[in-house]
Amino acid sequence: MNPFGYSEPVWRLFTEPLHAGMLEGSRVLVGKAATPANRNRLELRVLMKADRIEDARFQAYGCPATIAVGAWLCERAIGSTLADLSAIRAREIRQALEIPEDRHHCALLGEDAVQSLCSSAS
Amino acid sequence: MTIYLDHAATTPLDPAVFEAMLPYLKPGGLHGNPASDHADGKRARQAVEMARIHVAKLVGAEVGEIVWTSGATESDNLAIKGAFEFYRERGRHIVTAMTEHKAVLDTCRYLETQGAQVTYLKPGPDGRVAPGQVLDALTPQTVLVSLMWVNNETGVIQDVAALAPQLRERSVLFHVDAAQAAGKIPIDLRAVPVDLMSLSAHKVYGPKGMGALFVRKKPRARLAPQLHGGGHEQGMRSGTLPTHQIVGMGAAFKVAAQRLAVDHAQLGALRDRLLGRLRDLPEIFVNGEAAPRVAGVLNVSFAGVEGESLRASLPELAGSSGSACSSATGESSYVLRALGREDELANASLRFSLGRATTEAEIDTVAEQVVGQVRRLRALSPLWRETA
């Protein structure tokens with residue numbers, strides 16, 4: 001039941017957000033992003049094993065699209081390298097989740113969180 | 001299946017209202033024009049006048065003081081624009097509140113382009129405008145004060161009875177939007193000297209597209225008509241009367257008069273049950289909690305969750321949300337912000353408005369879903385971990 005007209009992938013990941021939660025430990029990298037105007041927040045955490053991401057978790061405060069972005073990035077991250085992850089741009093997030101133009105800021109939040117995470121590794 | 005807790009937005013037709021309307025709506029029914037002088041017209045006119053009696057009776061008005069309109073929005077427009085135009089030589093200042101319905105606020109904004117000066121009062125944190133605030137805002141140029149009796153978002157009841165005599169003493173017209181008050185609280189216009197009062201049918205289990213404006217006869221409140229042509233309704237509102245709609249409103253107000261006390265008790269008990277269950281959550285805030293409120297409305301802000309996600313998490317709840325949209329330009333409820341709620345809390349609010357058909361089982365289901373989803377969203381939020 002999706003009476004508010006969200007895209008199918010946003011709705012699926014919002015109602016059952018896989019990978020929600022925390023990761024802790026020395027092998028964990030953290031990325032944080034926020035939009036000051038409406039206080040949306042996204043935090044990504046990935047567990048590294050050698051150069052691969054073994055596990056990923058997110059926390060989000062924001063609209064359904066923001067939560068879906070967090071869940072999607074975790075799915076996308078697991079099994080990939082940091083180099084792969086850092087190549088993700090808002091455009092790709094928007095396309096994958098069918099996020100409309102007026103929610104572009106949600107996809108940008110995802111890109112910002114990824115960049116924050118990757119820069120914490122260097 | 002949805003659970004409908006949005007009776008402040010609109011109500012379903014009462015079965016008795018539906019039955020009363022049918023003879024005037026169905027093919028082959030009583031279709032005469034109430035303005036016609038033949039037998040069919042007379043029958044329609046009798047039905048219209050009987051409905052006027054029921055509407056007048058619920059609010060303690062004289063029958064001749066009820067003017068039919070298309071709804072409370074039109075009534076507000078007619079009252080405010082009509083009074084301003086009629087009395088503009090006397091003065092051009094209007095006093096209202098920031099928490100009024102858009103039908104009042106947008107009408108006042110329009111009149112500002114026509115030379116009106118409008119004061120928009122900010123209510124206290126409880127949602128009430130103190131009578132003293134209104135009196136302090138008056139100037140020798142003030143012709144009209146417009147305040148709603150019951151706020152549509154919070155259910156807060158304004159102290160109309162205390163203010164009305166003081167405005168009468170000062171010869172300032174007093175318009176009250178009572179769309180959310182009629183049938184919810186006792187109203188007796190014989191005792192409360194309001195001059196103009198807007199009423200709606202569909203908030204009281206009547207049909208949509210139907211309303212009325214109370215226009216006091218003694219002392220007479222004068223209005224410049226906003227619809228011309230035909231001189232219906234004592235020249236104040238031209239247009240062929242919609243008999244079936246009027247009959248529906250009359251029937252709805254008749255039922256409301258009979259059920260006022262029962263509804264109040266029943267809805268109040270359900271409202272308290274709902275709030276009791278929601279209180280399982282920490283950091284929730286009842287908007288307008290310190291003020292007297294109508295029994296059927298409960299407006300709650302939930303700390304630590306974002307408004308749009310809160311609303312989206314509850315697809316089976318047909319309720320109202322303070323969240324417009326969390327996009328960059330989205331605005332949260334202007335009513336809650338005027339009460340001093342910060343944006344996040346105004347945004348993360350739900351208005352539950354209960355009705356005659358609402359059951360305890362529905363209340364329990366909604367409460368369980370809200371508590372569960374607020375916990376889920378809080379668990380997802382990095383902010384909640386920081387602040388809890």
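Being a predicted model, the structure only gives us computed values, none of them experimental. (Residues numbered from 1 in each chain as written. Chains lettered and ligands numbered in written order. Predicted model: local features only at pLDDT ≥ 70, side-chain atom pairs only at ≥ 80, totals over all residues.)

Structural notes on the sheet that holds strand E13 (residues 349–353) of chain B
Residue and element names in this part refer to chain B.
Working step 1: Read from one edge to the other, the open sheet built from 4 strands follows the order E9-E10-E13-E12, with strand pairing classed as antiparallel. One side of each edge strand has no neighbouring strand; the edge strands of this open sheet are strand E9 (284–286) and strand E12 (320–321).
Working step 2: Here strand E10 (residues 297–302) runs beside E13; their pairing, made up of 5 bridges, is antiparallel. Bridge pairing in E13 links Leu298 to Phe352.
Working step 3: Against the sheet, helix H7 (residues 243–278) touches E9, E10 and E13, its axis set at about 10° to E10. (Pairing = 2+ DSSP bridges. Helix = DSSP H or I, 4+ residues; strand = E, 2+ residues; numbered from the N terminus. Contact = placed C-beta atoms within 7 Å. Axes fitted to C-alpha atoms, helices over the stretch in contact; angles between N-to-C directions.)

What about the interface of chain A and chain B?
Working step 1: Taken together, the contact pairs 24 residues of chain A with 14 residues of chain B.
Working step 2: For the side of chain A that touches chain B, the secondary structure elements donating two or more residues are strand E2 (40–49), strand E3 (52–61) and helix H2 (64–77) of chain A.

Observations concerning the sheet that holds E2(A)
All names here are of chain A.
Working step 1: Taken together, 3 strands build an open sheet; the order of strands is E1-E2-E3 and the sheet is antiparallel. Strands with a single pairing partner mark the edges of an open sheet, and in this sheet they are strand E1 (28–35) and E3. Adjacent strand axes in the sheet meet at a mean angle of 15° when their direction is disregarded.
Working step 2: Inspection of the sheet shows E1 paired to E2 by 8 bridges, in the antiparallel sense. Bridge pairing links Ala33 to Leu42 in E2.
Working step 3: Packed on one face of the sheet, H2 meets E2 and E3 and runs near 175° to E3.

Some remarks on the domain arrangement of chain B
Bring the parts together and some accessible area is lost; that lost area is often taken as the interface size.
All names here are of chain B.
Working step 1: Domain boundaries assigned for chain B yield domain 1 (3–7 + 260–387) and domain 2 (15–256).
Working step 2: Contact residues are listed per partner, giving 18 residues for domain 1 and 21 residues for domain 2.
Working step 3: Elements with a contribution of two residues or more to the side of domain 1 that touches domain 2: E10 and helix H9 (334–338).
Working step 4: The leading source of residues in the side of domain 1 that touches domain 2 is H9, at 3 residues.
Working step 5: Tallied by class, the residues present in the side of domain 1 that touches domain 2 amount to 10 nonpolar, 6 polar and 2 charged. (Domains from an automatic or database assignment. Nonpolar A, V, L, I, M, F, W, Y, C, P; charged D, E, K, R; others polar.)

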